[in-house]
Amino acid sequence: MAARCAVALKTTAAVTILALIWAAPLAAQSPGVTDSISRYVESELQRQHIPGASVAVLQGNRVLLARGFGLANVELHVPASDSTIYQSGSMGKQFTAALVEMLVGEGRVRLDDTITRWFPEGARVWNDITVRQLLTHTSGIAEYTDSTFDLRKDYTEDDLVRLAAARPLDFRPGERWSYSNTGYLLLGALIRRVTGRFYGDVLRDSVFEPLHMRDSRVISEADIVPNRAAGYRLEAGQLKNQEWVSPSLNTTADGALYVTVRDLIKWAVALNDGRAPSRTALDTAWTPVRLSDGATYPYGFAWYLDDQRGHPRISHTGSWQGFRTVIARYPEYGITVIVLANLAEARVRAVAYGIAGMLEPGLQPPHLMGAAAGRLPPRPIPDLLRLIVSGSDSSRITARYARFLTPADRDEYRPLLDASRQWTSLGCDAVASRRISRLGAAVAFVCHARAARTEGGGTAVSVLYTSDWHVAGIDTYQF
């Protein structure tokens, strides 16, 4: 559902079989690197007012750090640990995708099958939509939640399928990329219709039990769940409990799981070893989706395939009911960083990216970079954003990116131009040799800037440029 949606990072990198290689050593590190990471996480919890978090860091299959910080439950004063259970949000979509790929491997589903084979109720609008398009958010299916959707009402899975089928498409299938929780809701229903079993039961038997992920499961408010964290939100600066939703809406396949960093370590190792799903399936899952016009977008099957300072990053985030989560994998360096937090406003991406930068200096993220000392873009980034928000000049934007921009994109950039923001230019990375592309355009430079808020924190902005300085895309994240 919409609130469960991970924030879309609009970046790209050519991620192929490299994503399966995890042998490159980290730069030489001092014995106290894990202490430095712990201090950094503790400072971020304090800065962001996060009650609690659990963090895991791996180098290949070796665990460098796995521990909790702060409180899993503020009212009972329970410390967070590596066994604290958090809600996954959309990070859980990768498990749904893995199940679908397992069914593909068994010959029970084909990626290019049209979904009306299993969903006759969608025959009026879904005839041209494939399983692959559900997995890659390119189906055009509208979100099943909107301002009229009742989050406190119980729906059956079939109710939700009918609700989704009653809505017109947002765009022609394959035409563009747009994050869709509905697509993954339907994939869960597809798994039931193919196997005759609830997707959560199939997930338990096919993934969690074989990998000994003993704490991972579908959310249940009724069951006694040891080590379950409480989710929180900030309201006018005050900590509040998470908002309640109908229990049935916490059983859908778009990200309604309980997870721990201890279990996610086992998942990360299985991914490294190509065990769940197979190496062939992972290669497919970690290949950018190709749109109908031939351009690619940096998203595979429940994984963003983007970059950090020009280096490939395979990641996904989650946000739901007072929790924020992220898993970020850096195949060049064999690094995996997992951050689970129990605050709706937690900026877990910034924490994970910062940890990666502490392990490998080449990954230092924009929000921790110093002021520019080298090449600058031809136009300051805030001036560029003003042009994009106003729509007054598209001459310096690639044609495909100009078509890709939506009113929602412009609404996202508009607050960054508020007078209260303090901008810092951070310079450019020359990345032509990295073979990064965005919507069919080769990226030669990625230029960064930071828009800080007067009350603290802010937004990091990275602009992707072609060799002749046309804008191919823009990435943002909050810190």
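Residues numbered from 1 in each chain as written. Predicted model: local features only at pLDDT ≥ 70, side-chain atom pairs only at ≥ 80, totals over all residues. Heavy atoms only, no water.

Student: Describe the overall build of the protein chain, listing the residues and the values that go with them.
Tutor: Scanning the protein chain from terminus to terminus reveals 12 helices and 20 strands. In terms of overall size, the protein chain behaves like a compact globule, its C-alpha atoms giving a radius of gyration of 21 Å where 479 residues would be expected to give roughly 23 Å. Projected onto its principal axes, the C-alpha positions of the protein chain cover 60 × 50 × 45 Å. Out of the 479 residues in the protein chain, the part that is buried amounts to 60%. In the protein chain, 69% of the contacts between residues at least 6 apart in sequence involve partners at least 24 apart. As displayed, the protein chain offers around 18500 Å² of accessible surface, 50% of which is attributable to carbon and sulfur atoms. Put simply, the protein chain has 52 plus and 48 minus side-chain charges, and the middle of one group is 3 Å from the middle of the other. (Helix = DSSP H or I, 4+ residues; strand = E, 2+ residues; numbered from the N terminus. Rg over C-alpha atoms; globule rule 2.2 N^0.38 Å. Buried < 20%, exposed > 50% of the residue type's maximum accessible area, 1.4 Å probe, protein only. Contact = heavy atoms within 4.5 Å. Areas by Shrake-Rupley, 256 points an atom, 1.4 Å probe, with all protein chains shown as cover. Lys, Arg positive; Asp, Glu negative; His and termini not counted. Charge placed at Lys NZ, Arg CZ, Asp CG, Glu CD.)

Student: Pulling in residues and values, what's your account of the sheet that holds strand β14 (residues 335–341)?
Tutor: Taken in spatial order, the seven strands of this open sheet run β3-β2-β1-β14-β13-β12-β11, and their pairing is antiparallel. Looking at the sheet topology across the chains shown, the edges are occupied by β3 (78–79) and β11 (304–308). Pairing of strand β1 (residues 52–59) with strand β2 (residues 62–73), which is carried by eight bridges, proceeds in the antiparallel orientation. Its bridge partner lying in β2, Val57 is registered against Leu65. Along the sheet, helix α1 (residues 33–48) makes contact with β1 and β2, crossing β2 at roughly 25 degrees. (Pairing = 2+ DSSP bridges. Axes fitted to C-alpha atoms, helices over the stretch in contact; angles between N-to-C directions.)

Student: A description of the layout of surface pockets should follow, citing residues and the corresponding values.
Tutor: As a volume, the second largest pocket reaches approximately 280 Å³. Taken together, 18 residues form the lining of the second largest pocket, with Arg228, Ala229, Ala230, Gly231 and Gln242 sitting closest to its centre. Considered class by class, the residues forming the lining of the second largest pocket number eight nonpolar, six polar and four charged. (1 Å grid on protein atoms, 1.4 Å probe; cavity = no way out; pocket = protein on both sides within 12 Å on 5 of 7 lines; lining within 4 Å. Points joined across faces, edges and corners; volume = space filled by probe spheres on them. Nonpolar A, V, L, I, M, F, W, Y, C, P; charged D, E, K, R; others polar.)

Student: Describe the side chain of Thr296, naming the residues involved and giving the relevant values.
Tutor: Looking at the secondary structure, you find Thr296 in strand β10 (residues 296–297). Excluding anything up to four places from it in sequence, Thr296 contacts Pro288, Val289, Arg290, Ser437, Arg438, Leu439 and Gly440.

Student: Describe helix α4 (residues 157–165), with residues and values.
Tutor: For α4, the complete set of buried residues consists of Glu157, Leu160, Val161, Ala164 and Ala165. With its buried residues spanning 135 degrees around the axis, α4 presents them on a single face. (Arc of directions from axis to C-beta.)

Student: Can you break down the state of the cysteines residue by residue, with the values?
Tutor: Tallied over the entire structure, the rule returns one disulfide. Linked covalently through their sulfurs, Cys428 and Cys447 form a disulfide whose S-S length is 2.1 Å. Its S-S torsion of approximately 105 degrees makes the covalent link between Cys428 and Cys447 right-handed. Taken as a pair, Cys428 in strand β15 (residues 422–430) and Cys447 in strand β18 (residues 445–452) lie far apart in primary sequence, 19 residues in all. Judged by relative accessible area, which is 17%, Cys428 ranks as buried. (Disulfide = S-S within 2.5 Å.)

Student: Lay out the pairing of β2 in plain terms, naming residues and giving numbers.
Tutor: The hairpin turn running from β1 into β2, its antiparallel successor, is two residues long, and Gly60 in that turn takes a positive phi close to 60 degrees. Bridge count for β2 against β3 is two bridges, and the pairing is antiparallel. Residue pairing in the sheet places Asn73 in a bridge with Val78 of β3. Hairpin geometry of β2 and β3 is characterised by an intervening segment of four residues between the two adjacent antiparallel strands and by a positive phi of about 55 degrees at His77.

Student: Just give me the short version of the packing of aromatic side chains, but keep the residues and values in it.
Tutor: Considering all chains together, one arrives at 17 aromatic pairs under this definition. Considering the side-chain rings of Phe149 and Tyr155, the 4.9 Å spacing of their centres and the 10 degrees angle between planes classify their relative orientation as stacked. As far as the burial class goes, Phe149 and Tyr155 line up, both buried. Chaining the aromatic ring pairs together yields one cluster made of Trp177, Tyr179, Tyr297, Tyr299, Tyr304 and Phe404. Of note, Arg176 hangs over the ring of Phe404, and the distance from its end group to the ring centre comes to 4.7 Å. (Phe/Tyr/Trp six-rings, centres within 6.5 Å; stacked < 30°, edge-to-face > 60°. Lys NZ or Arg CZ within 6 Å of the ring centre and 35° of its normal.)

Student: Describe unusual backbone geometry, and please don't skip the residues or the numbers.
Tutor: Residue Pro277 is reached from Ala276 by a cis peptide bond, and omega for that bond is -5 degrees. The residue Pro277 is located in the loop between α7 (261–273) and α8 (279–285) in this model. Even without being glycine, His77 reaches a positive phi, approximately 55 degrees. Here His77 is to be found in the loop between β2 and β3. We note that Ala302 has phi near 65 degrees; this positive angle belongs to a residue other than glycine. Mapped onto the elements of the fold, Ala302 is located in the loop between β10 and β11. On the basis of relative accessible area, Ala302 is assigned to the buried category, the value being 0%.

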